[in-house]
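# Structure at a glance
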Amino acid sequence: MREEKKVLLRCEHLVKEFPVDRKRAVHAVSDISLEIYEGECLALVGESGCGKSTLGRTLIQLHEPTSGKVFFRDAEISAMKPAQFAQYRRQMQMIFQDPYASLDPRMTVRDIIAEPLVTHKVCESKEAVTARVLELMDAVGVPREFLYRYPHQFSGGQRQRIGIARAVALNPSLVICDEPVSALDVSVQSQVLNLLKDIQANYGLTYLFISHDLSVVRFISNRVCVMFLGKICEIGDSETIYRDPVHPYTKFLMNAIPIANPHLREQEKTLLEGEIPSPIDPPKGCRFHTRCPYATDRCRAEEPALREVKGRQVACHLV
Amino acid sequence: MEEKLLEINHLKSYFFTRKGVSPAVDDVSLAVPKGKIVGIVGESGCGKSMTAKSIMDLLKYPGRIVEGEILLDGKDLTKLSARERRRVRGEDVSMIFQEPMTSLNPVVKVGKQVREAILTHQKVDRAEAKRRVLEVFRQVGISEPEKRYECYPHELSGGLRQRVMIAMAMVCRPKLMIADEPTTALDVTIEAQILKLIKTLCETTGMSCLLISHNLGVIAQMCDYVYVMYAGKIVEQGDVFTLFDHPRHPYTQGLLASIIHLDEQRERLSTIPGMVPNLMHLPEGCAFCNRCGQAMDCCRTKKPELYDLGGGHAFRCFLPGESEASHA
Ligand SMILES: Nc1ncnc2c1ncn2[C@@H]1O[C@H](COP(=O)(O)OP(=O)(O)OP(=O)(O)O)[C@@H](O)[C@H]1O
Ligand SMILES: Nc1ncnc2c1ncn2[C@@H]1O[C@H](COP(=O)(O)OP(=O)(O)OP(=O)(O)O)[C@@H](O)[C@H]1O
Ligand code: SF4
Ligand SMILES: [Mg+2]
Ligand SMILES: [Mg+2]
């Protein structure tokens, strides 16, 4: 029997543009529709500037969409007034890349983790807040005796643990992790990735995991969404896509990863030529066509739609 | 025996701060043979950049070389006059950095910056210098070199800026290029282009390269020989195949075990407990002892020496070193 997957968050034709001047805009997210299922970890991957963070932020209404709709369970959160949205706010939290910049340097660990608890008045008393903070510190592996320390007294990995404790303090449903381990050392990165996986299981969380690192994504995600210049190229189960990428861009991306095995280096790699085009003036047709070695006239003129190919969704005319 | 271009012997570069002495480079010896790519790998703060900066004479106060030799073609760079050092730095050895934006002048066109680098070191006229810039731009794969010549750094993408940096490093045809995390700020498809470029340049010009990276993938793809650094010291060294196939130091083993493999999804990642120690408060014995799963009593009190395993492979650890034969 196949388990029925419940949709937690969904967007339809979501667009986010940032105006540059009167006439021009950065097309950060262009007509994206996707679902995030309850309990899964969906990863957004793609190169710098392709719109991963913007999509994540627009989904949880940290950016107002230029157009399109976002639904949380069945409620259209993109149409809500701020007062109405407030009750949904705490369901969606975020963990950021830079553990140095994302914590207020003048606050103690207790106050940092307690802030969401206090703002949403979820604890009866000060003591109850502290007790909950200590519980969260245990959960993320920050020793209790550091309760009254300041962020600068911690290493990057510990700061990231504090950021995680803060994000899960309100028992959210969805956590958006935006490059949560990119600033960490290799040995600490694997500690934090294991922690993120444990926390997801223990708190029953759904993750939207943003990363440009395909190895990290391989470990943490169930599904992957590969983006290029504000569009989805390929989306589907991680297992399927890593085993057999179909979109030319996904293939190049996978092929470019430097593999930590010197025996595999003599294989001639086909490399992607050129640079990423400007999101202010994205190419017509398929946005990847200027870098794609297989591009045809059709690719230059007509935009490919996402369709089912080999058990995943792909946007390419040639597959 | 391979001919050595660069040989560093017992280099110590320390930072003398008010809070204490930080031994950023602590008794480091390494060699770069002619025409080879040699890697230094290690985590943040372990002394990779300071090793490179010592070679380039770029250490800033309160850091300085305390002792040791840096031999380039047999000549000790630490004993040269300031003027000779400047010449070597511009002509025989050049360096590229992680963030090209900070090493390019934002208000000068990139073509002119590279041209100035030629004019400073070579007796050629401006027209000839410009011709050489365009030639080297083409060599490093900059498309439309005439157009790019007139661009300011901010008008170029990260990948193109790094190519300009490489062009600048290449114009004087150095014998050694030091590349300090040259692709860390770049996207993976651009990273692959730049790595391929560095490799091709080494192969076609006979240049040697000292490549610094924290990424074991980059090291495995690029290097002939590898040094693993931890807390200011070389803890293991060997040719790239030996090092990846038969790592002997618990730290190297831990690093390699924590690599994520793309062909299978694992439930959990293997980790090294704890974190990199502060150089000013190193453990008394082996710097790795409080993170090491195999630490013994002696590890906490005595500092291990580099143990030679033969064939260029060595590790700094008290664990028995003989059992190499069991792999054969
Ligand atoms: N607040 C903003 N104002 C104007 N432009 C923006 C803003 N935020 C993002 N952009 C632009 O939108 C595009 C997408 O940016 P975004 O940060 O979403 O990319 P990303 O995929 O997260 O990249 P990275 O991997 O570098 O974090 C970029 O061109 C960026 O410059
Ligand atoms: N200005 C300074 N004052 C005191 N100590 C310093 C200073 N600059 C560097 N150090 C010391 O030198 C050590 C080595 O730094 P280095 O930049 O070589 O590390 P690295 O291996 O290049 O790390 P990364 O991967 O982060 O670039 C640091 O751990 C630090 O203790
Ligand atoms: S010397 Fe001891 S503590 Fe250091 S790495 Fe070897 S076994 Fe571990
Ligand atoms: Mg981002
Ligand atoms: Mg460095």
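Note that the structure is predicted; figures quoted are calculated from it, not measured. (Residues numbered from 1 in each chain as written. Chains lettered and ligands numbered in written order. Predicted model: local features only at pLDDT ≥ 70, side-chain atom pairs only at ≥ 80, totals over all residues. Heavy atoms only, no water.)

Moving on to the nonpolar core. Membership of the largest hydrophobic core comes to 69 residues, with the highest contact counts inside it found for Ile96, Phe137, Val164, Ile166, Leu211, Met222 and Tyr251 of chain B. For this core, the leading source of residues is helix H7 (residues 158-170) of chain B, giving eight residues. With sequence-adjacent residues up to four places away left out, Phe137 of chain B is seen in contact with Val110, Gly111, Val114, Ile142, Pro145, Arg148, Tyr149, Val164 and Ala167 of chain B. Counting 44 residues, the second largest nonpolar core, distinct from the first, contains Ile95, Phe154, Ile164 and Leu184 of chain A. (Core = buried A, V, L, I, M, F, W, Y, C linked by side-chain atoms within 4.5 Å. Buried < 20%, exposed > 50% of the residue type's maximum accessible area, 1.4 Å probe, protein only. Helix = DSSP H or I, 4+ residues; strand = E, 2+ residues; numbered from the N terminus. Contact = heavy atoms within 4.5 Å.)

Moving on, we come to the site of ligand 1. Residue and element names in this part refer to chain A. With respect to spatial proximity, 13 residues lie near ligand 1, and among them Ser48, Gly49, Lys52, Ser53 and Thr54 are the closest. Of all elements in the fold, only strand E2 (25-37) and helix H1 (52-59) reach the threshold of two or more residues within the shell around ligand 1. A per-element tally of the shell around ligand 1 places H1 first, with three residues. For the shell around ligand 1, the residue count by class is five nonpolar, five polar and three charged. (Near = heavy atom within 4 Å. Nonpolar A, V, L, I, M, F, W, Y, C, P; charged D, E, K, R; others polar.)

This next bit is on the packing of helix H4 (residues 126-140) of chain A against helix H6 (residues 186-203) of chain A. Residues and elements named next belong to chain A. Running from N to C, H4 and H6 point in directions that differ by 130 degrees, and their axes come no closer than 10 Å. As the angle between them shows, H4 and H6 are arranged oblique. Within the contact between the two elements, H4 uses Arg132, Leu136, Ala139 and Val140 and H6 uses Leu195, Ile199 and Tyr203. Grouping the constituent residues of the contact of H4 with H6 by class yields six nonpolar, no polar and one charged. (Axes fitted to C-alpha atoms, helices over the stretch in contact; angles between N-to-C directions. Parallel < 35°, antiparallel > 145°, perpendicular 65-115°, else oblique.)

A separate point is the side chain of Asp187 of chain B. On the secondary structure map, Asp187 of chain B appears in the loop between strand E7 (176-180) and helix H8 (188-205). The buried charged residue Asp187 of chain B lacks any salt bridge partner; its closest oppositely charged side chain belongs to Lys52 of chain A, at an N-O distance of 6.1 Å. One polar contact links the side chain of Asp187 of chain B to the main-chain amide nitrogen of Ser48 of chain A, over a distance of 3.0 Å. Excluding residues within four positions of it along the chain, Asp187 of chain B makes contact with Glu47, Ser48 and Ile276 of chain A. (Lys, Arg positive; Asp, Glu negative; His and termini not counted. Salt bridge = Lys/Arg side-chain N within 4 Å of Asp/Glu carboxyl O. Polar contact = N/O pair within 3.5 Å; in protein donor to acceptor, adjacent residues only side chain to side chain.)

Ligand 3 sits among 13 residues. The nearest are His249, Cys286, Cys292, Cys299 and Cys317 of chain B. Of the residues in the shell around ligand 3, the class split is eleven nonpolar, two polar and no charged.

Purely spatial values, then, with no claim about function.
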